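# Structural characterization, general
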Amino acid sequence: MRTPVIAGNWKLFKTINEATALVKELKSLVAGTSGVEIVVAPVFTALSSVADEIAGSGILLAAQDCFWEEEGAFTGEVSPGMLKDAGCSYVIIGHSERRQYFNETNGTVNKKAKAAIAAGLTAIVCVGETLAERESDKTFTVIESQIMGCLAGLPAESLKQIVVAYEPVWAIGTGKTASEAQAQEVHAFIRELVEKLFGKPHAEAMRILYGGSVKPENVKGLMSQADIDGALVGGASLKADSFAAIVNFMA
Ligand code: 13P
């Protein structure tokens, strides 16, 4: 009932030419794929060229961040409406790297999510605990405060424009994937929280992605879990063949 989403977060990699070449290759590898939403998130400067390259292919475009104001004297920022204008239908918000290096907080994620929704984008809201938090049994407390803070004050009907990505910080770029059971446990917890906040139909319809060292070898097991509805892929999305293998996890 929930269409899986496989999203590639290209982070700070790929020039315009490299990004368009990658997506061109990807396009041919996933041409026969159905039943999965495929999303790529290049750097801002490559968005509109990648949008041209994927036109008509079914692949969807995401940005890696946005600001919460639509326009104004905010040097260096990019607004949700501008992302839409560049061809985006998704925007990633609150990635742990933004929380760690750029002072992103649950409060700013909340503002960005509201602005993204207002502009007609779907927000991929990222949450996840650090290793120290997991080891001191704070995983569920941290996830709860992130979900509550990031989704605060959203009208229930806007939930269809929210995808949550659970990315344990200790699994990102480390090669240490959360086990299927570890991921499923947190995904089920997130769905329960969303149910408490917005009601069962919204919780059941919402896609919750797992991120953190997703590879062609582990995607199938993760996707077999009841509450895992897709993947947010970093390193393995930078090559067309490995990302296509993840997209085609059902094959
Ligand atoms: P890796 O797949 O490289 O671990 O990165 C995950 C991630 O941060 C996706 O947003």
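What counts and what doesn't
- Residues numbered from 1 in each chain as written.
- Predicted model: local features only at pLDDT ≥ 70, side-chain atom pairs only at ≥ 80, totals over all residues.
- Heavy atoms only, no water.
- Near = heavy atom within 4 Å.
- Polar contact = N/O pair within 3.5 Å; in protein donor to acceptor, adjacent residues only side chain to side chain.
- Areas by Shrake-Rupley, 256 points an atom, 1.4 Å probe, with all protein chains shown as cover.
- Nonpolar A, V, L, I, M, F, W, Y, C, P; charged D, E, K, R; others polar.
- Phe/Tyr/Trp six-rings, centres within 6.5 Å; stacked < 30°, edge-to-face > 60°.
- Buried < 20%, exposed > 50% of the residue type's maximum accessible area, 1.4 Å probe, protein only.
- Lys NZ or Arg CZ within 6 Å of the ring centre and 35° of its normal.
- Axes fitted to C-alpha atoms, helices over the stretch in contact; angles between N-to-C directions.
- Helix = DSSP H or I, 4+ residues; strand = E, 2+ residues; numbered from the N terminus.
- Parallel < 35°, antiparallel > 145°, perpendicular 65-115°, else oblique.
- Left-handed = near helix turned anticlockwise from the far one by under 90°.
- Contact = heavy atoms within 4.5 Å.
- Salt bridge = Lys/Arg side-chain N within 4 Å of Asp/Glu carboxyl O.
- Pairing = 2+ DSSP bridges.
- Core = buried A, V, L, I, M, F, W, Y, C linked by side-chain atoms within 4.5 Å.
- Disulfide = S-S within 2.5 Å.

## Some details on the site of the ligand
Around the ligand, a shell composed of 13 residues is seen, among which Lys11, His95, Gly173, Ser213 and Gly235 lie nearest. Contact distances for the ligand include 2.9 Å between an oxygen atom and a side-chain N or O atom of glutamate 167. The contact in question runs from an oxygen atom of the ligand to an N or O atom on the backbone of glycine 235, over 2.8 Å. Computed on the free molecule, the ligand has an accessible area of 310 Å², of which 96% lies beneath the protein chains in the complex. Each residue belonging to the shell around the ligand can be placed in one class, and the counts come to four nonpolar, seven polar and two charged.

## Remarks on the packing of aromatic side chains
Across all of its chains, the model carries five aromatic pairs by this definition. An angle of 50° between the planes, with centres 5.0 Å apart, marks the rings of phenylalanine 67 and phenylalanine 74 as tilted. Taking relative accessible area as the criterion, phenylalanine 67 reaches 10% and is therefore assigned buried. Judged by relative accessible area, which is 36%, phenylalanine 74 ranks as partly exposed. Among the aromatic residues, those joined into a ring-pair cluster are Phe67, Trp68 and Phe74. The ring of phenylalanine 102 carries the charged tip of arginine 98 above its face, separated from the ring centre by 4.3 Å.

## Re the packing of helix 5 (residues 106-118) against helix 7 (residues 139-150)
Look at helix 5 against helix 7: their axes get within 8 Å of each other, and the N-to-C directions meet at 40°. Between helix 5 and helix 7, the interaxial angle falls into the category oblique. Considering the relative orientation of helix 5 and helix 7, their crossing is right-handed. Contacts between helix 5 and helix 7 involve Asn106, Val109, Asn110 and Ala113 on the former and, on the latter, Ser145, Gln146, Gly149 and Cys150. Taken together, the residues that form the contact of helix 5 with helix 7 break down as three nonpolar, five polar and no charged.

## Let's talk about the pattern of salt bridges
Applying the stated criterion to the full structure yields 12 salt bridges. Among the salt bridges present, the one from arginine 134 reaches glutamate 129, with a minimum N-O distance of 2.7 Å. Via salt bridges that share partners, Arg2, Arg191, Asp227 and Asp229 belong to a single interconnected network.

## Concerning the sheet that holds strand 1 (residues 5-9)
Reading around the circumference, 1-2-3-4-5-6-7-8 is the order of the eight strands in this closed barrel, with parallel pairing throughout. Between one strand and the next, the sheet's axes are offset by a mean angle of 25°, whatever the strand orientation. In this sheet, strand 4 (residues 90-93) lies alongside strand 3 (residues 60-63) in parallel orientation, the contact comprising two bridges. Looking at strand 4, one finds that alanine 62 is bridged to tyrosine 90. Of the strands in this sheet, strand 2 (37-41) and strand 3 are in contact with helix 2 (residues 47-54), which crosses strand 3 at around 170°.

## Focus: the nonpolar core
Counting residues in each nonpolar core, the largest one holds 70 residues, and the members touching the most others are Ile6, Val40, Val50, Ile162, Ile190 and Tyr210. Among the elements that line this core, the one with the most residues is helix 8 (residues 180-198), at seven residues. Look past the residues within four positions of valine 40 in its chain and what remains in contact with it is Gly8, Trp10, Val23, Leu26, Val50, Ile59, Leu60, Leu61, Ala62 and Phe243. Formed by 13 residues, the second largest nonpolar core is a distinct cluster that contains Val39, Ala41, Ala62 and Leu209.

## Here's the deal with the state of the cysteines
What makes a disulfide is a covalent bond joining the sulfur atoms belonging to two cysteines. Following the criterion strictly, the structure yields zero disulfides and no others. Cysteine 126 carries a free sulfur, and the closest cysteine sulfur to it, the one in cysteine 150, is 9.1 Å from it. Since its relative accessible area comes to 2%, cysteine 126 is described here as buried. Here cysteine 150 falls in the buried class, since its relative accessible area comes to 1%.

## What to know about the pairing of strand 2
Burial within strand 2 is extensive, with four of its five residues counted as buried. In the sheet, strand 1 pairs with strand 2 via five bridges, with the strands oriented parallel. Of the residues in strand 2, the one forming a bridge with isoleucine 6 is isoleucine 38. For strand 2 and strand 3, the ladder comprises two bridges, and the chain directions are parallel. Bridge pairing in strand 3 places valine 40 opposite leucine 61.

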